[in-house]
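In case you want the letters, here they are:
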Amino acid sequence: MISFSKMHGCGNDYIYVDVTQYPIADPAAFAVKYSDRHKGIGSDGLVLIDRSPVPEADFSMRIFNADGSEAMMCGNASRCIGKYLYEKGITDKTEIRLLTLSGIKTLSLHIYNKVVESVTVDMGEPQFDVVGQFLPDGGLDTGTFVSMGNPHYVIFTDDVDKIAEKGPALEHHRAFPQRCNIEFARIEGDTIRTRVWERGSGITQACGTGACATAVAAFVTGKAGQRSHIVMDGGTLHIEWCESDNHVYMTGPATFVFDGEIEELTFQMRNE
């Protein structure tokens, strides 16, 4: 019997398992099986929460996409982990150091009446060292490459809905040997409307690292300032690229959907 929680950040939903209590022998296969929205729990993937193996961090996370591939980092999932740890009484800290495959991220919890209403994540410094030159004859739309611990390619366009048509090919473009997350973004006054194609998951309701990458790309191309409101399919994330430390800070909500238990091929749900 494995207990789990389903949570989402702006609609970017994952299955969360505390592996200190419920070890998962094959997380990639588990992610594929239970992420299925018709035959499983339904999610964008699986998140494993564990104690940190290093003293510099409090907890660790691993994340597996719906296709079983392992991701480096997820901003929406990290906010949900902060809420999970605090509201389930695993920690009373309001600042949590979370070890990811992209390094240690600091979560600052914003709490009201013992409820985590939102979380700010220090996402670290953006990187621009793209793996190759993008040639016009290579079939790649003009965009900006930004790594937020995982790779993103941001294309500013008037038609963000074309992400559904172009996302699959762009994810697998030869310029990205390890595949890439793709954002189509449109400037709308003081907000940036963004749709995302996530590597390994397809179109998702939101992507925290994608929102950060979009905000950074908008600033470096002169389309926005250092603070942006990124409007994604599932909600809005607030991004600030801070001059003092060159770090990107993301603030947004985290939401419990339900808790449940899985036993072999079946699962039971307890609505919250």
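What you see is a predicted model, and the numbers here were worked out from it, not measured in a lab.

Draft legend 1. Structural view of the overall build of the protein. The helix and strand tally for the protein stands at 4 helices and 18 strands. Against the globule reference of 19 Å for 272 residues, the protein gives a C-alpha radius of gyration of 18 Å, in line with a compact fold. Along the first, second and third principal axes, the C-alpha atoms of the protein reach 55 × 40 × 35 Å. A buried classification covers 53% of the 272 residues belonging to the protein. Sequence separation of at least 24 residues holds for 59% of the intrachain contacts in the protein that already meet a minimum separation of 6. Summed over all atoms, the accessible surface of the protein reaches about 12,100 Å², with 49% contributed by carbon and sulfur. Both charge centroids of the protein, one from 24 positive and one from 37 negative side chains, sit 2 Å from each other.

Draft legend 2. Structural view of the confidence of the model for the protein. Confidence in the prediction of the protein, expressed as mean pLDDT, is 91, and 92% of residues score 70 or more. Below a pLDDT of 50 lies the segment residues 265-269, which in the model reaches 12 contacts outside its immediate sequence neighbourhood of four places, other chains included.

Draft legend 3. Expanded view of the packing of aromatic side chains. Summed over all chains, the structure comprises 7 aromatic pairs. Ring plane angle 80° and centroid distance 6.0 Å describe the contact between F4 and F258, whose orientation is recorded as edge-to-face. Placement of F4 in strand β1 (residues 2-9) and of F258 in strand β17 (residues 255-263) is noted, with a sequence separation of 254 residues between them. Both residues of the pair, F4 and F258, count as buried. Each ring, one from Y84 and one from F256, has its centre 6.4 Å from the other, and the planes form 35°; the classification is tilted. Here Y84 is found in helix α2 (residues 75-87), whereas its partner F256 is found in strand β17, with 172 residues between them in sequence.

Draft legend 4. Main features of a nonpolar patch on the surface. Together, F128, F219 and V220 give the surface a local cluster of nonpolar side chains, amounting to about 240 Å² of exposed area. According to the relative accessible area criterion, V220 is partly exposed, its value standing at 42%.

Draft legend 5. Representation of the nonpolar core within the structure. Membership of the largest hydrophobic core comes to 50 residues, with the highest contact counts inside it found for Y16, V47 and I239. In this structure, I239 is in contact with A211, C212, A215, Q226, R227, S228, I230, V248, Y249 and M250, ignoring residues within four places of it in sequence. With 15 residues, the next largest nonpolar core counts I15, V17, F30 and F258 among its residues.

Draft legend 6. Representation of helix α3 (residues 163-171) in the model. Among the residues making up α3, those that are buried are I163, G167, L170 and E171. Down the axis of α3, the buried set is contained in an arc of 90°. They therefore lie on one face. In α3, the exposed positions angled more than 90 degrees off the buried face are occupied by E165 and A169. Lining the buried residues of α3 we find β10 (151-156), β11 (181-188), β12 (191-198) and β13 (202-204).

Draft legend 7. Expanded view of the environment of T120. Here T120 shows up in strand β8 (residues 115-122). The exposure class of T120 is buried, given its relative accessible area of 14%. On a C-alpha basis, the gap between T120 and S3 in space is 27 Å, while along the polypeptide they are 117 residues apart. Non-local contacts of T120, meaning those with residues more than four positions away in its chain, are made with T106, L107, S108, H110, Y249, M250 and T251. A polar side-chain atom of T120 sits 2.7 Å from a polar atom in the side chain of H110.

Draft legend 8. Local environment of the pairing of β10. Most of β10 is tucked away, with 5 of its 6 residues classed as buried. Across 4 bridges, strand β9 (residues 144-147) lies against β10 in antiparallel orientation. By the bridge assignment for β10, T144 is matched with V154. If you look at the hairpin formed by β9 and β10, you'll find 3 residues sitting between the two strands, and G149 has a positive phi there, around 95°. Bridge count for β10 against β11 is 5 bridges, and the pairing is parallel. Looking at β11, one finds that V154 is bridged to E183. Following the chain from β10 across α3 to the adjacent parallel β11, one finds a crossover that is right-handed.

Rules behind the numbers
Counting of residues starts from 1 at the beginning of each chain's written sequence and follows it residue by residue. Selection of residues for local features in this predicted model requires a pLDDT of at least 70, selection of side-chain atom pairs for listing and counting requires 80 or more, and totals for whole chains, interfaces and linings are taken over all residues. Just so you know, side-chain values use all the structure's heavy atoms and leave hydrogens and water out. Secondary structure counts use DSSP, requiring at least four H or I residues in a row for a helix and at least two E residues in a row for a strand, with both numbered from the N terminus. C-alpha atoms define the radius of gyration, and 2.2 Å times the number of residues to the power 0.38 defines the globule rule. The cut-offs for exposure are 20% and 50% of the maximum accessible area for each residue type, with area from a 1.4 Å probe on protein chains only; residues under the lower value are buried, those over the upper are exposed, and the others partly exposed. Contacts between residues were defined by any pair of non-hydrogen atoms, one from each residue, lying within 4.5 Å. Under the convention used here, a 1.4 Å probe and the Shrake-Rupley method define accessible areas, while residue burial counts only the protein chains that appear. None of His or the chain ends enter the tally, which takes Lys and Arg as positive and Asp and Glu as negative. For charged residues, the charge sits on one atom: NZ in Lys, CZ in Arg, CG in Asp, CD in Glu. The predictor's confidence in any single residue is recorded as pLDDT, a number from 0 to 100. Each Phe, Tyr or Trp ring (for Trp, its six-membered ring) is paired with any other whose centre lies within 6.5 Å, and the angle between the two planes then decides the class: stacked below 30 degrees, edge-to-face above 60, tilted in between. Residues with no salt bridge and a relative accessible area higher than 30% make up the patches, which join like charges within 9 Å and nonpolar side chains (Val, Leu, Ile, Met, Phe, Trp, Tyr) within 5 Å. We count a salt bridge whenever a side-chain nitrogen from Lys or Arg sits within 4 Å of a carboxyl oxygen from Asp or Glu. Side-chain atoms within 4.5 Å link the members of a nonpolar core, which is a set of buried Ala, Val, Leu, Ile, Met, Phe, Trp, Tyr and Cys residues. Here, the arc refers to the directions that run from the helix axis to the C-beta atoms. Counted as a polar contact is a pair of N or O atoms within 3.5 Å, where, for protein atoms, one must be capable of donating a hydrogen and the other of accepting one, and residues adjacent in sequence contribute only when both atoms are in side chains. Whether two strands pair comes down to DSSP finding at least two bridges between them. We call a crossover right-handed when, viewed with both strands directed away from the observer, the connection leading from the first strand over the helix to the second proceeds clockwise.

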